Amino acid sequence: MKKTLLIAFIICCFTAGDLWAQSGNYVFSGAEVNNFGVVDLATPGGQSWATFRGELPGYYSATGTALYTGFSDNLANINGYVKHYANIENQNFSFPVGTGSDLRLLSISGTRTAVSEIAVAWILGDPTTTIDPTLPNAGLHNITMLGDSILEVTNVGQWDWQSLSEDSENLTVTVSIPDLSSFAAAEELRLVGWNGTQWVNLSGTSGATGNTENSLLTGTMVSGITAITIARSSALDTDNDGVPDTQEITDTTDSTDPCQLIIANQ
């Protein structure tokens, strides 16, 4: 039976001033509340979970196989930053981040070092006008700055992505998306990352499981990313070059006439 890390135990490890605010559980700037077991965000009922959001965030953190359970939209998500410390290779973890009233879960899996340290927060609002507060790319991330194959970036929000150990390349990242049914079809959605100058495609040619609330979208992390959000790409761009398949010109590979060309998928 899994051992539950009670809030009372957390308070014993940190000062009450670091943890509690008038409205519920709160971690101040520079403070960290570490979970070594299981914390159920649904209890105690009716209390919120939040951290300072700024250049030096507060963190709810978990080490190794520790985890958070009971997360949902109704207060049972962390309005701020969650950090995970790996202690073995390829360790999975889910970050139950959101706004307090809206869960925007982000999960990591796959290739990961045993000393990986990653922190995440969901930031509601247009990345062009809503600041990502943490270094190295603190500031605004213009959603019109588009990498190859990306046609448009959503203005709903972004995940602040902190690869604190700077070794998250090739990690698989899966997010629960907001309702994007008016933005793009599921097969057009892509996970994108901010690399300091533009939003780059992390999903390749793979779309989401749907385009409604809490559908899943996956990508593969590359180095230099400091924020993540969702974009629209061509649904039928199978070679991911930004040109729809219906507009591609392809070689028929006719050995007797190698220069013969046809329009694909017509």
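In this text, all values refer to a predicted model and were calculated from it rather than measured experimentally.

What counts, and where the lines are drawn
- Residues numbered from 1 in each chain as written.
- Predicted model: local features only at pLDDT ≥ 70, side-chain atom pairs only at ≥ 80, totals over all residues.
- Heavy atoms only, no water.
- Helix = DSSP H or I, 4+ residues; strand = E, 2+ residues; numbered from the N terminus.
- Buried < 20%, exposed > 50% of the residue type's maximum accessible area, 1.4 Å probe, protein only.
- Contact = heavy atoms within 4.5 Å.
- Areas by Shrake-Rupley, 256 points an atom, 1.4 Å probe, with all protein chains shown as cover.
- Polar contact = N/O pair within 3.5 Å; in protein donor to acceptor, adjacent residues only side chain to side chain.
- Core = buried A, V, L, I, M, F, W, Y, C linked by side-chain atoms within 4.5 Å.

## Re the overall build of the chain
Phase 1 of the analysis: Of the regular secondary structure elements, the chain holds two helices and 21 strands.
Phase 2 of the analysis: Buried positions account for 47% of the 266 residues belonging to the chain.
Phase 3 of the analysis: Long-range pairs, those at least 24 residues apart, make up 65% of the contacts in the chain with a sequence separation of at least 6.
Phase 4 of the analysis: Total accessible area on the chain stands at roughly 12,100 Å², and carbon and sulfur atoms take up 54% of it.

## Focus on the side chain of His141
Phase 1 of the analysis: Looking at the secondary structure, you find His141 in the loop between strand 12 (117-124) and strand 13 (150-153).
Phase 2 of the analysis: A distance of 3.0 Å separates a polar atom in the side chain of His141 from a polar atom in the side chain of Asp132.
Phase 3 of the analysis: Among the polar contacts made by the side chain of His141, one reaches the side chain of Trp194 at a distance of 3.2 Å.
Phase 4 of the analysis: Setting aside anything within four residues of it in sequence, one finds His141 in contact with Pro127, Thr128, Asp132, Gln158, Trp194, Trp199 and Ala227.

## A look at the nonpolar core
Phase 1 of the analysis: In this structure, Leu106 and Trp161 are the most contacted members of the largest nonpolar core, which totals 40 residues.
Phase 2 of the analysis: Taken together, the elements giving at least two residues each to this core come down to strand 6 (59-63), strand 10 (93-95), strand 11 (106-110), strand 12, strand 14 (157-163), strand 15 (171-176), strand 16 (189-194) and strand 19 (227-233).
Phase 3 of the analysis: With near-sequence residues (within four places) excluded, Leu106 lies in contact with Phe93, Ser94, Phe95, Val120, Trp159, Trp161, Val173, Thr174, Val175 and Ile228.
Phase 4 of the analysis: Of all hydrophobic cores here, the second largest spans eight residues; its members include Ile150, Val192, Trp199 and Ala231.

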